[in-house]
Amino acid sequence: MAPVPNSPVKVGHIDDVQELRKTKPRTVPQRFVRDVTERPTLPTTPLPPPDTHMPIIDFSKLTKGNKDEIFNLATACEEWGFFQVINHEIDLNLLERIENLSREFFMLPLEEKQKYPMAPGTVQGYGQAFVFSEDQKLDWCNMFALGLEPQYVRNPNLWPTRPERFSETVEEYSREIRKLCYNLLKDIALGLDLKGDVFEKMFGVSVQAIRMNYYPPCSRPDLVLGLSPHSDGSALTVLQQAKGGPVGLQIFKNNTWLPIQPIPNALVINIGDTIEVRPLLHFFFSFPFMFSLQDLLSYTVGSSSSSFKVSFFFFHSFVIPFLAVLYARFDLFCMMQVLTNGKYRSVEHRAVAHEEKDRLSIVTFFAPSYEVELGPMPEFVDEKHPCMYRRYNHGEYSKHYVTNKLQGKKTLDFAKIQTKNTN
Ligand SMILES: COC(=O)C(/C=C/C1=C(C)CCCC1(C)C)=C/O[C@H]1C=C(C)C(=O)O1
Ligand SMILES: O=C(O)CCC(=O)C(=O)O
Ligand SMILES: [Fe+2]
């Protein structure tokens with residue numbers, strides 16, 4: 001089942017930012033004004049120096065199995081948690097179509113958009129997600145979000161009939177983005193020296209959702225945030241920034257908010273919390289291989305058939321049960337500390353508003369099935385990197401994520417075992 005909050009949530013009055021903007025007020029309502037410590041640093045000119053530019057990954061090189069590009073991808077994941085993909089093989093015309101349709105949707109009259117309301121405390125439909133109290137500050141953003149895959153995350157009542165061809169285009173777009181995600185996950189796995197299909201197998205029928213974010217211009221961009229700081233609860237997020245928009249995305253790197261300059265036709269990818277907390281299932285899959293038939297045979301050095309039988313018997317009667325107990329203990333031990341050590345981190349990011357220009361982004365969240373159990377892979381746990389996350393079910397994490405306000409990487413506390421140095 002798709003995660004939904006259990007109790008009705010009181011969120012107070014939420015102004016629609018596009019409607020607010022229509023009157024071009026010189027001030028913004030208090031509910032949008034951030035505390036001094038939260039206010040954004042707005043993009044400066046000149047632009048940040050090139051060494052602060054997000055890595056660019058050439059997807060066409062990845063598809064050719066180019067080892068250097070897989071290495072670049074691994075470095076980007078480890079050092080940035082973000083990268084821009086060029087030559088992604090998604091038809092540029094499709095990117096343009098989804099962009100135009102999203103814009104057309106946001107430009108519909110409010111009454112039309114409100115036919116698809118995001119109920120308080122839920123994440124699908126039109127409105128503001130992640131608002132859970134009457135005094136919570138609001139983002140300078142209108143959102144429209146839909147669950148896409150598997151079917152059970154869909155709410156058909158929220159799929160708009162206008163603009164025309166909206167649904168078909170979203171379907172086509174989501175299929176292409178899904179392929180891209182699987183391909184990237186394959187190369188991410190290879191970059192970690194894992195089997196290419198490890199994530200695909202582990203994730204089951206992946207959950208996929210789309211969110212369109214529209215940030216109208218704001219007379220006081222210095223006081224508001226387009227989107228509160230957060231990390232994504234997904235495995236991978238794919239962000240398309242509409243053409244001609246201002247710089248809006250900022251990522252938290254080296255203790256500062258770094259503005260990200262969009263590259264035309266590129267897609268921005270970021271590692272979500274799930275990859276940071278690597279799935280434990282891999283451990284289960286890899287376990288039988290640790291004791292493959294080949295190992296068994298080599299165990300019976302120079303075996304005659306009788307010594308083979310003896311060693312096979314010994315192996316099954318003593319070694320495997322012993323290892324199983326050891327494994328179970330390790331698992332228990334890991335359930336207390338569990339998960340990987342965040343070799344790849346999900347990175348906090350936010351969006352800022354612009355004084356004159358509006359901005360549109362189209363975001364796809366790609367995550368494991370809700371049934372999947374997550375925990376650290378033993379490959380990433382050793383004395384230097386003690387297990388930092390417990391084992392959990394992704395459906396539970398998803399529920400936790402969507403029922404809490406966006407607050408940096410706080411949602412990941414759900415999975416943390418220890419809090420030291422684990423932002
Ligand atoms: C506003 O929504 C989000 O920001 C969001 C929600 C995604 C989802 C839907 C719109 C419907 C189906 C379920 C799902 C939670 C995926 C963010 O998605 C992140 C958060 C989690 C968890 C995740 O997997 O992606
Ligand atoms: O609009 C953006 O640039 C950021 C969007 C984002 O981070 C999100 O929707 O999760
Ligand atoms: Fe995000």
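The rules behind these values
- Residues numbered from 1 in each chain as written.
- Chains lettered and ligands numbered in written order.
- Predicted model: local features only at pLDDT ≥ 70, side-chain atom pairs only at ≥ 80, totals over all residues.
- Heavy atoms only, no water.
- Near = heavy atom within 4 Å.
- Polar contact = N/O pair within 3.5 Å; in protein donor to acceptor, adjacent residues only side chain to side chain.
- Areas by Shrake-Rupley, 256 points an atom, 1.4 Å probe, with all protein chains shown as cover.
- Helix = DSSP H or I, 4+ residues; strand = E, 2+ residues; numbered from the N terminus.
- Nonpolar A, V, L, I, M, F, W, Y, C, P; charged D, E, K, R; others polar.
- Salt bridge = Lys/Arg side-chain N within 4 Å of Asp/Glu carboxyl O.
- Buried < 20%, exposed > 50% of the residue type's maximum accessible area, 1.4 Å probe, protein only.
- Donors = N, O, S within 2.8 Å, 3.2 Å for Na, K, Ca; no water.

## Description of the site of ligand 1
Here is step 1 of the chain: Taken together, 19 residues lie near ligand 1, and Phe 130, Arg 211, Ala 367, Tyr 370 and Ser 398 sit nearest.
Here is step 2 of the chain: One of the backbone nitrogen or oxygen atoms of Gly 233 is found 3.4 Å away from an oxygen atom of ligand 1.
Here is step 3 of the chain: About the coverage of ligand 1: the protein hides 98% of its 520 Å² of free accessible area.
Here is step 4 of the chain: Those elements giving two or more residues to the shell around ligand 1 turn out to be β4 (142-149), β5 (207-215), β12 (359-367) and α12 (394-402).
Here is step 5 of the chain: Among the elements that take part in the shell around ligand 1, α12 stands out by supplying four residues, more than any other.
Here is step 6 of the chain: Class assignment for the residues of the shell around ligand 1 results in 12 nonpolar, six polar and one charged.

## Observations concerning the site of ligand 2
Here is step 1 of the chain: Among the 13 residues in the neighbourhood of ligand 2, the closest are listed as Arg 211, Tyr 215, His 349, Arg 359 and Ser 361.
Here is step 2 of the chain: Contacts to ligand 2 include His 230, whose side-chain N or O atom sits 3.0 Å from an oxygen atom.
Here is step 3 of the chain: A total of 300 Å² of accessible area belongs to ligand 2 in isolation, and the protein chains cover 98% of it.
Here is step 4 of the chain: Those elements that provide at least two residues to the shell around ligand 2 are β5, β6 (227-230) and β12.
Here is step 5 of the chain: Looking at the shell around ligand 2 residue by residue, the classes come out as six nonpolar, four polar and three charged.

## Some details on the pattern of salt bridges
Here is step 1 of the chain: Inspection of every chain in the model, using the stated rule, returns 13 salt bridges.
Here is step 2 of the chain: The salt bridge involving Glu 19 is made with Lys 22; its shortest N-O contact spans 3.0 Å. Of this pair, Glu 19 and Lys 22 both sit in helix α1 (residues 17-22), three residues apart, which is roughly one turn of the helix.
Here is step 3 of the chain: A residue is classified by how much of its surface remains accessible, and Glu 19, at 27% relative accessible area, is partly exposed.
Here is step 4 of the chain: It is possible to trace a salt-bridge network through shared partners that takes in Arg 34, Glu 38 and Asp 139.

## Some words on the coordination of the iron ion (ligand 3)
Here is step 1 of the chain: Listed as protein donors to the iron ion (ligand 3) are His 230 (NE2), Asp 232 (OD) and His 349 (NE2); their distances from the metal cover 2.1 to 2.3 Å.
Here is step 2 of the chain: Residue class for His 349 comes out buried when judged on its relative accessible area of 6%.

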